[in-house]
Amino acid sequence: MKQCIHRTQLRKPADLHKPDLLHNIYLGSFKHMIEWVEGFLKKHKWEQAFDNAWKVIPPYPGFSVPKKAYREITPWQGKEMSNLGHCISAIFASAMRNPHSSQYQDFKSALKCVSALVDFTLMAQYRSHTPDTLCYMESYLQTFHQTKDIFLKFHTSKATRAQANRQDRELSELMADQLAKEVHPRTVANY
Amino acid sequence: MIARTDRRADLIQCENHFNFIKMHFLTHFASHVRRFGSISIYSTDIGELAHKDQIKDGYRRSNKNEAARQIFSHYGRQHGIGIRLQTIEALSKVQYGIVVADRGMEMPTVSSRSTPRPVLKGRMKNTSTLTELCTALDMHCSNIMEEILRFIRQTAADDQRLPADPAELWLLPLEGFAHLEIPVPDFQETDRFQIHRARCTGTKAFRNSGSRNDWMWVQAGGEANYGDLRGRLLARLLALFKISNILTEAAAVHRLSLVGILDPINGARFHIPSGYIRVSNRINSRDMRIVSIGAVIGQAQVIPSGEKQWIVNHRIDLRTFNEIY
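All figures in this text were calculated on a predicted structure; none of them were measured in a lab. (Residues numbered from 1 in each chain as written. Chains lettered and ligands numbered in written order. Predicted model: local features only at pLDDT ≥ 70, side-chain atom pairs only at ≥ 80, totals over all residues.)

1. Points about the overall build of chain A
Step number 1: When helices and strands are tallied, chain A shows eight helices and zero strands.
Step number 2: Counting helices and strands in the order they occur from the N terminus, chain A gives α-α-α-α-α-α-α-α.
Step number 3: Compactness check: chain A gives a C-alpha radius of gyration of 24 Å against a globular reference of 16 Å for 191 residues, more than 25% above the reference.
Step number 4: Principal-axis analysis of the C-alpha atoms places the extent of chain A at approximately 80 × 55 × 30 Å.
Step number 5: When contacts within chain A are restricted to residue pairs at least 6 apart in sequence, those whose partners lie at least 24 apart make up 65%. (Helix = DSSP H or I, 4+ residues; strand = E, 2+ residues; numbered from the N terminus. Rg over C-alpha atoms; globule rule 2.2 N^0.38 Å. Contact = placed C-beta atoms within 7 Å.)

Structure representation (structure tokens):
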């Protein structure tokens, strides 16, 4: 406890968390969401349909129509991300309009999850709030947390990968040892 | 080897989690609004954009020699002029209000800031009568005539009304346009408008690419109509024209547009798995309609989804998002 207070005293107010649309949502959550969506589309082989829908987005005031194909956009900056937020869920829905009956449940919850995150973001941009809008905002976030498990297998962080590699190495060493014992039981017995 | 890749994938599967800081921060957003106000005013993207306005632009204008001082003076000048312009604008509004009051007209000062009207731009050549407009649009004359007559019958019968006789209608002077600017009130703002620039080039190309006939929202009924769309319909802008009734003394000018209406599927309710309203082409023949320019509310975005079906993207801007849910 003492250490905890001691630590907080060292922190300056500037270090505290500030809710920030750019770094927290566009470059934070949306960046992860793109990875999940890509993984999901790849698994269900809907990439081509998604790309086709991406190509035909009509213009709208305040929305810049992407000039490149989805996979060719390399600098995903704040502007691209906010653009993406406005259209990704509709394109996702359009790409997966005829799901196979086995994919139906996955499709439904994936879309629900993406839409909830986008809705939360849109609501967070409101300039003035009422208790109702805040309630909506919280309920969207709740929906997002309830449905996000569909994307769990597509979310792999660097640390996770490193840990998996380490465990994998350990396991293979162990197996190699065992293999060596099985192959040369007599050499082992001689010692 | 394959077994090993599988094992590695399994290990990664087991270790995956959503326990990272950006996910956690989202939970604080609502409480932040309650304590400190809306989030957008604390957002850093404003600060990051200001770096370009305040520093990079100034540096580009300088002679790159001891630039700091020049950057400061450049930004100071820009800022000063900006403030002065805003002051002039505010003063001119006040003066206008006073003038109106002096004349003793029964007009409250608030209404002096009337809502701007939609503006027609981009006059098209060779569209001076209805027949020529039909040729330019590559459409059958009788269809358009039928719709115009239907529109005329719906309007109130006064001296401003267009003649309901086809023979007279063919003679009336007409002007075709390719561009409609609609002022749409900014979301959660008063007296600020966003201009929607809708194009309707007919069969002609728009900026060296294909023709452009934009998707629009059209007011078609009361709040209770058309389910979740609340009295609005989606339509493609096919033609814009002014027609003036020179046969009467008033010579009233009517600003009309020809739109191709889309029908909402499932009574304009949200499609359950996708969470979007879907629209499709009309099945019965009467898909075109003449509406007055005032009934065209603003641009809409639809995303094609299969044969002659579209998804209404209501998440495209905050305004649409707030109205359709």
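Moving on from the coordinates now.
2. What to know about the overall build of chain B
Step number 1: When you go through chain B residue by residue, the secondary structure sums to nine helices and eleven strands.
Step number 2: Projected onto its principal axes, the C-alpha coordinates of chain B cover approximately 80 × 70 × 45 Å.
Step number 3: Counting every position in chain B, which comprises 325 residues, the buried fraction comes to 25%.
Step number 4: The long-range fraction of contacts in chain B, counting pairs at least 24 apart against all pairs at least 6 apart in sequence, stands at 54%. (Buried ≥ 20, exposed ≤ 12 C-beta atoms within 10 Å, placed from the backbone.)

3. Here's the deal with the domain arrangement of chain B
Step number 1: Domain boundaries assigned for chain B yield domain 1 (36-112) and domain 2 (119-324).
Step number 2: For domain 1 of chain B and domain 2 of chain B, the distance between their C-alpha centres works out to 36 Å. (Domains from an automatic or database assignment.)

4. Let's talk about the packing of helix H6 (residues 131-147) of chain A against helix H3 (residues 29-36) of chain B
Step number 1: Contact geometry for H6 of chain A and H3 of chain B: axes closest at 9 Å, N-to-C directions at 160°. Accordingly, the angle class assigned to the pair H6 of chain A and H3 of chain B is roughly antiparallel. In this structure, H6 of chain A contributes Leu134, Met137 and Glu138 of chain A to the contact, and H3 of chain B contributes Phe29, Ala30, Val33 and Arg34 of chain B.
Step number 2: Partitioning the contact of H6 of chain A with H3 of chain B into residue classes produces five nonpolar, no polar and two charged. (Axes fitted to C-alpha atoms, helices over the stretch in contact; angles between N-to-C directions. Parallel < 35°, antiparallel > 145°, perpendicular 65-115°, else oblique. Nonpolar A, V, L, I, M, F, W, Y, C, P; charged D, E, K, R; others polar.)

5. Observations regarding the interface of chain B and chain A
Step number 1: Chain B puts 51 residues into the contact, and the matching count from chain A is 58 residues.
Step number 2: In terms of residues, the side of chain B that touches chain A owes the most to one element, helix H1 (residues 2-15) of chain B, which gives seven residues.
Step number 3: Partitioned by chemical class, the residues of the side of chain B that touches chain A number 21 nonpolar, 19 polar and eleven charged.

6. A closer look at the nonpolar core
Step number 1: Core analysis: the largest hydrophobic core is formed by 96 residues, its most contacted members being Ile91 and Val114 of chain A together with Met216 and Leu234 of chain B.
Step number 2: Broken down by element, the residue count for this core peaks at twelve residues, all from helix H5 (residues 104-124) of chain A.
Step number 3: Setting aside its immediate chain neighbours within four residues, Val114 of chain A contacts Met33, Val37, Ile88, Ser89 and Phe92 of chain A. (Core = buried A, V, L, I, M, F, W, Y, C linked by C-beta atoms within 7 Å.)

7. Quick notes on the environment of Asp214 of chain B
All names here are of chain B.
Step number 1: As for its position among the elements, Asp214 is in the loop between strand E3 (193-199) and strand E4 (215-219).
Step number 2: A count of 21 C-beta atoms within 10 Å places Asp214 in the buried class.
Step number 3: For the pair Asp214 and Val302, spaced 88 residues apart in the sequence, the C-alpha separation amounts to 9.9 Å.
Step number 4: When near neighbours in sequence (up to four residues on either side) are disregarded, Asp214 contacts Ala198, Arg199, Cys200, Leu237 and Gln299.

8. With respect to unusual backbone geometry
Residues and elements named next belong to chain B.
Step number 1: The backbone phi angle of Glu66 is positive, close to 50°, even though this residue is not glycine.
Step number 2: If you trace the backbone, Glu66 turns up in the loop between helix H4 (44-61) and helix H5 (67-102).
Step number 3: Even without being glycine, Asp191 reaches a positive phi, approximately 60°.
Step number 4: Secondary-structure assignment places Asp191 in the loop between strand E2 (174-185) and E3.

9. Describing helix H4 (residues 78-95) of chain A
Residue and element names in this part refer to chain A.
Step number 1: For H4, spanning 18 residues, the distance from its first C-alpha to its last is 24 Å, which sits close to the expected 26 Å at 1.5 Å a residue.
Step number 2: Along H4, the sharpest change in direction is near 45° and occurs at Cys87.
Step number 3: Counted residue by residue, H4 has 14 buried out of 18 residues, so it is predominantly covered. (Expected span 1.5 Å × (residues − 1). Bend = angle between axes of the 7 residues up to and from the residue.)

10. Some words on the packing of helix H3 (residues 47-55) of chain A against H4 of chain A
Geometrically, a packed helix pair is captured by the angle between its two axes and the distance between the axes.
Residues and elements named next belong to chain A.
Step number 1: Where H3 meets H4, the closest approach of the two axes is 8 Å, and the angle between their N-to-C directions is 130°. Relative to H4, H3 is oriented oblique. The hand of the H3/H4 crossing is right-handed. For the pair formed by H3 and H4, the contact residues are Ala49, Phe50, Ala53 and Trp54 on the first element and Ile91, Ser94 and Ala95 on the second.
Step number 2: For the contact of H3 with H4, the residue count by class is six nonpolar, one polar and no charged. (Left-handed = near helix turned anticlockwise from the far one by under 90°.)

11. A look at the environment of Lys121 of chain B
All names here are of chain B.
Step number 1: Looking at the element boundaries, Lys121 is found in strand E1 (residues 119-123).
Step number 2: Looking at Lys121, the number of C-beta atoms within 10 Å reads 12, which means it is exposed.
Step number 3: For the pair Lys121 and Ala178, spaced 57 residues apart in sequence, the C-alpha to C-alpha distance is 6.5 Å.
Step number 4: Apart from residues lying up to four places away in sequence, Lys121 is in contact with Phe177, His179 and Glu181.

12. Examining the environment of His271 of chain B
Step number 1: Position of His271 of chain B among the secondary structure elements: in the loop between strand E6 (253-264) and strand E7 (277-281).
Step number 2: Setting aside chain neighbours within four positions, we find His271 of chain B in contact with Asn266, Tyr276, Ile277 and Arg278 of chain B.

13. Looking at H6 of chain A
Step number 1: Taking 1.5 Å per residue as the helical rise, H6 of chain A with its 17 residues ought to reach 24 Å, and the 24 Å between its terminal C-alpha atoms agrees with that figure.
Step number 2: Within H6 of chain A the residues assigned to the buried category are Met137, Tyr140, Leu141 and Phe144 of chain A. Down the axis of H6 of chain A, the buried set is contained in an arc of 95°. They therefore lie on one face. Among the exposed residues of H6 of chain A, those pointing more than 90 degrees away from its buried face are Pro131, Asp132, Cys135 and Gln146 of chain A.
Step number 3: Tucked into the core, H6 of chain A has its buried residues touching H5 of chain A together with H3 of chain B. (Arc of directions from axis to C-beta.)

14. Looking at the pairing of strand E5 (residues 232-244) of chain B
Residues and elements named next belong to chain B.
Step number 1: In this sheet, E5 lies alongside E2 in antiparallel orientation, the contact comprising four bridges. Within E5, the residue paired with Gly176 across the bridge is Phe241.
Step number 2: As paired elements, E4 and E5 share five bridges and run antiparallel to each other. Across the sheet, residue Val218 finds its bridge partner in E5, namely Leu233.
Step number 3: Pairing of E5 with E6, which is carried by nine bridges, proceeds in the antiparallel orientation. Pairing of Ala235 across the sheet is with Ile261, part of E6. (Pairing = 2+ DSSP bridges.)

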